[in-house]
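Per-entry structural report
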Amino acid sequence: MTLTNHLFSLEGKVAAIVGAGGVLAGEMAQGFASAGARIAVIDLNAAQAEARAAAIRDAGGQATAIAADATRKSDLRRALAETLAAFGGVDILLNAAGINSGTPFFEITEEEWHRILDVDLKSVFLACQVFGKQMVDAGGGGSIINISSASSGPPLSKVFTYGVAKAGINQITQFLARELAPHKVRVNAILPGFFPAEQNRRLLTAERVASIIGHTPMGRFGEASELVGAAVYLASEKASGFVTGSILRVDGGFLAMTI
């Protein structure tokens, strides 16, 4: 085994990925599987979860699909039980459930506010409680990876509630990094820049695209596959065993510049 393969191998590990029916989390799920992990594909949409699990199995990996509403603790407890039944443990948690909205500030309803915070922030809080507790109790350590956003601060225009939720994810990540370090559970976040996906395509007007690209030194959007390396790095104890509380930017330089 080469040094690179040794550092980034996830052989023998089990990864639970919340939101893995989506484009970005699904790509990371396949990346984890390619590195040797067995995958619990957890998503609200049962058909999308099964499609992603089937794609992983077709590529020679091991995966099970679990339909669950990540805003409900009872669903996440069931998802954990199904993961344990399928694979016997859980070593990695990736939190990537997400929705977005461009509703103008004065038009945001309480229902929309709560819905976005529930999916984007509450789901992370609950999954960290449920799966994090399992990691602590099992005693073998683990890695929790939360998906933040360039909108987490300073804020982006148009996505007020989403930005509030993502800022909260940064807080959860850094609080739990300290809380869980004695139990050898590392907690980090990936902060993507602009990666076109289902939740943000309708917000990408020609004017907004021009603004984003003009503010991104690399001059383009990210590709889903470009998140995989960061995710595998944070998942691997060998590669990032002394890394916790970090918020890793994968943004083409977006947050590295002002004007």
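Residues numbered from 1 in each chain as written. Predicted model: local features only at pLDDT ≥ 70, side-chain atom pairs only at ≥ 80, totals over all residues. Heavy atoms only, no water.

Together, Phe105, Phe106, Phe160 and Val164 give the surface a local cluster of nonpolar side chains, amounting to about 450 Å² of exposed area. Here Phe105 shows up in the loop between β4 (92-95) and α5 (110-138). (Patch = residues over 30% accessible without salt bridge, like charges linked within 9 Å, V, L, I, M, F, W, Y side chains within 5 Å. Areas by Shrake-Rupley, 256 points an atom, 1.4 Å probe, with all protein chains shown as cover. Salt bridge = Lys/Arg side-chain N within 4 Å of Asp/Glu carboxyl O. Helix = DSSP H or I, 4+ residues; strand = E, 2+ residues; numbered from the N terminus.)

We now examine the nonpolar core. In terms of nonpolar packing, the biggest core is built from 35 residues, with Leu10, Ile17, Phe32, Ile39, Val41 and Ile190 touching the most fellow members. For this core, the secondary structure elements donating two or more residues are β1 (14-18), α2 (23-34), β2 (38-43), α3 (46-58), β4, β5 (142-147) and α8 (228-235). If we skip the residues at most four places from it in the chain, Ile39 touches Ala15, Ile17, Ala29, Phe32, Ala33, Ile56, Gln62, Ala63, Thr64 and Phe87. Core analysis: the next-biggest nonpolar cluster, separate from the first, contains 29 residues, Ala68, Leu76, Leu93 and Phe131 among them. (Core = buried A, V, L, I, M, F, W, Y, C linked by side-chain atoms within 4.5 Å. Buried < 20%, exposed > 50% of the residue type's maximum accessible area, 1.4 Å probe, protein only. Contact = heavy atoms within 4.5 Å.)

Per the counting criterion, the structure on display carries 4 aromatic pairs. Aromatic side chains Trp113 and Phe160 sit 6.0 Å apart centroid to centroid with 25° between the ring planes, which places their arrangement in the stacked category. Here Phe160 lies in helix α6 (residues 160-180) and Trp113 lies in helix α5, a separation of 47 residues in the sequence. With a relative accessible area of 28%, Trp113 lands in the partly exposed category. Of the residues examined, Phe160 reaches a relative accessible area of 38% and is grouped as partly exposed. Members of the aromatic cluster, joined through ring pairs, are Phe105, Phe106, Trp113 and Phe160. (Phe/Tyr/Trp six-rings, centres within 6.5 Å; stacked < 30°, edge-to-face > 60°.)

For the chain, per-residue confidence averages 95 on the pLDDT scale, and residues scoring 70 or more make up 97% of the total. The element-level mean pLDDT for the chain is lowest in helix α1 (residues 3-8), coming to 79, with β4 highest at 99. (pLDDT = per-residue confidence, 0-100.)

Between its terminal C-alpha atoms α5 stretches 39 Å, which fits the 42 Å expected from 29 residues at 1.5 Å a residue. Downstream of α5 by a residue or two, Gly139 has a phi angle that is positive, lying close to 80°. (Expected span 1.5 Å × (residues − 1).)

All right, on to the pairing of β2 then. Burial of β2 is extensive: 5 of the 6 residues sit out of reach of the surface. As paired strands, β1 and β2 are joined by 5 bridges and run parallel to one another. Bridged to Val18 within β2 is Ile42. Following the backbone out of β1, through α2 and into the adjacent parallel β2, one traces a crossover that is right-handed. (Pairing = 2+ DSSP bridges. Right-handed = clockwise from strand over helix to strand, strands pointing away.)

Turning next to the packing of α5 against α6. Remark: α5 packs on α6, axes separated minimally by 8 Å, with the N-to-C direction vectors making an angle of 15°. By the angle class used here, α5 and α6 are roughly parallel. For α5 against α6, the interelement crossing comes out right-handed. Taking contact as the criterion, the partners of Trp113, Ile116, Leu117, Asp120, Leu121, Val124, Phe125, Cys128 and Val136 in α5 are, on α6, Phe160, Thr161, Tyr162, Val164, Ala165, Gly168, Ile169, Ile172, Leu176 and Leu180. Its residues placed into classes, the contact of α5 with α6 shows 16 nonpolar, 2 polar and 1 charged. (Axes fitted to C-alpha atoms, helices over the stretch in contact; angles between N-to-C directions. Parallel < 35°, antiparallel > 145°, perpendicular 65-115°, else oblique. Left-handed = near helix turned anticlockwise from the far one by under 90°. Nonpolar A, V, L, I, M, F, W, Y, C, P; charged D, E, K, R; others polar.)

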